[in-house]
Amino acid sequence: MPSVAWRGAFHTVGGLAIALAAHLLPKLVLLVALGVLTVLFLAFEAVRLRASKVNGWFFTYFRLLLREEEMSRPTGASYVLIAAIVAFLAFPRELAILAVLFLAVGDPAATFVGKFIGRRRLFGRTVEGDIACLVTCLAIAIGFHYAGSGVPLWIALAGAVTATVAQGVRLGVNDNLSMPLFALLVMWLLQTQTGYML
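The structure presented is a predicted model; accordingly, all values stated were derived computationally and were not measured.

Caption draft 1: Main features of the overall build of the protein chain. Looking only at helices and strands, the protein chain features eight helices and two strands. Helices and strands in the protein chain line up, N terminus first, as α-α-α-α-α-β-β-α-α-α. Its C-alpha atoms give the protein chain a radius of gyration of 17 Å, near enough to 16 Å, the size a compact globule of 198 residues would have. Within the span of the protein chain, comprising 198 residues, buried residues form 43% of the whole. A separation of at least 24 residues holds for 70% of the contacts in the protein chain among residues at least 6 apart in sequence. Carbon and sulfur atoms provide 72% of the accessible area of the protein chain, an area that totals close to 10,400 Å². Each charge sign in the protein chain was given a centre, from 15 positive and 9 negative side chains, and these centres are 4 Å apart.

Here it is, written out as structure tokens:
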């Protein structure tokens, strides 16, 4: 299996695990668990970026899950964890879960489609990948609404579109951060402006 597929699968499984934990665990327990995991992982990142032997070991055993450029900078997993803890700390839980689902499934869909069938480029990304991300995020939004989440459909759909834009446009920020947090911000603003509270 190509490394892009392994990375995508790991990204999806990790994101879905965070979303499931958020659904099942009390908020305090979730935040403590995410906080501990994030601190430990970031500490490891700091060590391995300064110790060539640790970095070499890391890339030897996890090469299929990593990009070459991550040898000299934090991995995407670091940004996923940071985004998750910010999301659940600062925003309503249902909106945060939805944003994490956009990231967990929409981002890998964009990468996979863009890598293997993408031809046309826009803002440094493939149009085909962007379309795959949009379709995936819209499907997630619709499913999340009709699963009884309490998130109004139009707010969920607005989040899906925002997540796709944040994924497709290079903002100078890792998309594992920008995709869920921009979607969350838009959904939260729409919720507060309309007086709808989760």
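Text resumes after the structure shown.
Caption draft 2: Focus on the pattern of salt bridges. With the rule as written, the count across this model stands at three salt bridges. Across the pair Arg48 and Glu45 runs a salt bridge, and its minimum N-O distance is 2.8 Å. Residue Arg48 and its partner Glu45 are both found in helix α2 (residues 27-50); the two are separated by three residues, about one turn of the helix. You can call Arg48 buried: its relative accessible area is 0%. The class of Glu45 is buried, set by a relative accessible area of 3%. Among the ionic pairs, Arg73 bridges to Glu69, the shortest N-O distance being 3.8 Å. Judged by its relative accessible area of 35%, Glu69 falls in the partly exposed class.

Caption draft 3: The arrangement of the packing of aromatic side chains in detail. Enumeration according to the criterion identifies seven aromatic pairs in this entry. Between Trp57 and Tyr61 the ring centres are 5.6 Å apart and the planes differ by 45°, which places this aromatic pair in the tilted class. Taken together, the positions of Trp57 and Tyr61, both in helix α3 (residues 52-62) and four residues apart, correspond to about one turn of that helix. A ring pair is formed by Phe91 and Trp188, whose centres lie 6.2 Å apart and whose planes are at 80°; its orientation type is edge-to-face.

Caption draft 4: Looking closely at the packing of α2 against helix α4 (residues 76-90). Direction vectors running N to C along α2 and α4 enclose 155°, while the axes themselves pass 10 Å from each other. Comparing their axes, α4 and α2 come out roughly antiparallel. When the axes of α2 and α4 are compared, the crossing they make is left-handed. Contact with α2, carried on its side by Lys27, Leu30, Leu31, Leu34, Gly35, Leu37, Thr38, Phe41, Leu42 and Glu45, involves Ala77, Ser78, Leu81, Ile82, Ala84, Ile85, Phe88 and Leu89 of α4 and no other residues of that element.

Conventions and cut-offs
- Numbering of residues starts from 1 in every chain and runs along the sequence as written.
- Totals for whole chains, interfaces and linings use every residue, but because this is a predicted model, local features are given only for residues with pLDDT of at least 70 and side-chain atom pairs only at 80 or more, for both listing and counting.
- The side-chain quantities take in all heavy atoms of the structure and omit both hydrogens and water.
- Secondary structure is summarised from DSSP: a helix means a run of H or I of at least four residues, a strand means a run of E of at least two, and numbering begins at the N terminus for each.
- As a reference, a globule follows 2.2 Å times the number of residues to the power 0.38, and the radius of gyration itself is taken over C-alpha atoms.
- Only protein chains enter the accessibility calculation, which uses a 1.4 Å probe; a residue whose area is less than 20% of its type maximum is buried, one above 50% is exposed, and one in between is partly exposed.
- Contacts are assigned to residue pairs that have any heavy atoms within 4.5 Å of one another.
- The method behind every accessible area is Shrake-Rupley, applied with a 1.4 Å probe, and residues are considered shielded solely by the protein chains displayed.
- His is not counted, nor are the chain ends; Lys and Arg add positive charge and Asp and Glu add negative charge.
- A charged residue contributes its charge at one atom only: NZ of Lys, CZ of Arg, CG of Asp or CD of Glu.
- Any carboxyl oxygen of Asp or Glu that lies within 4 Å of a side-chain nitrogen of Lys or Arg is treated as forming a salt bridge with it.
- Each pair of aromatic rings taken from Phe, Tyr and Trp, with Trp reduced to its six-membered ring, is defined by centres within 6.5 Å and is described as stacked if the planes are under 30 degrees apart, edge-to-face if over 60, and tilted in the remaining cases.
- Whenever a helix is involved, its axis is fitted only over the stretch in contact; in every case the axis is a line through C-alpha atoms, and angles between N-to-C directions fall within 0 to 180 degrees.
- Angles are sorted into four bins: roughly parallel if under 35 degrees, roughly antiparallel if over 145, roughly perpendicular if 65 to 115, and oblique for all others.
- In this scheme, a crossing is called left-handed if the near helix is turned counterclockwise away from the far one by less than a right angle; it is called right-handed if the turn is clockwise.

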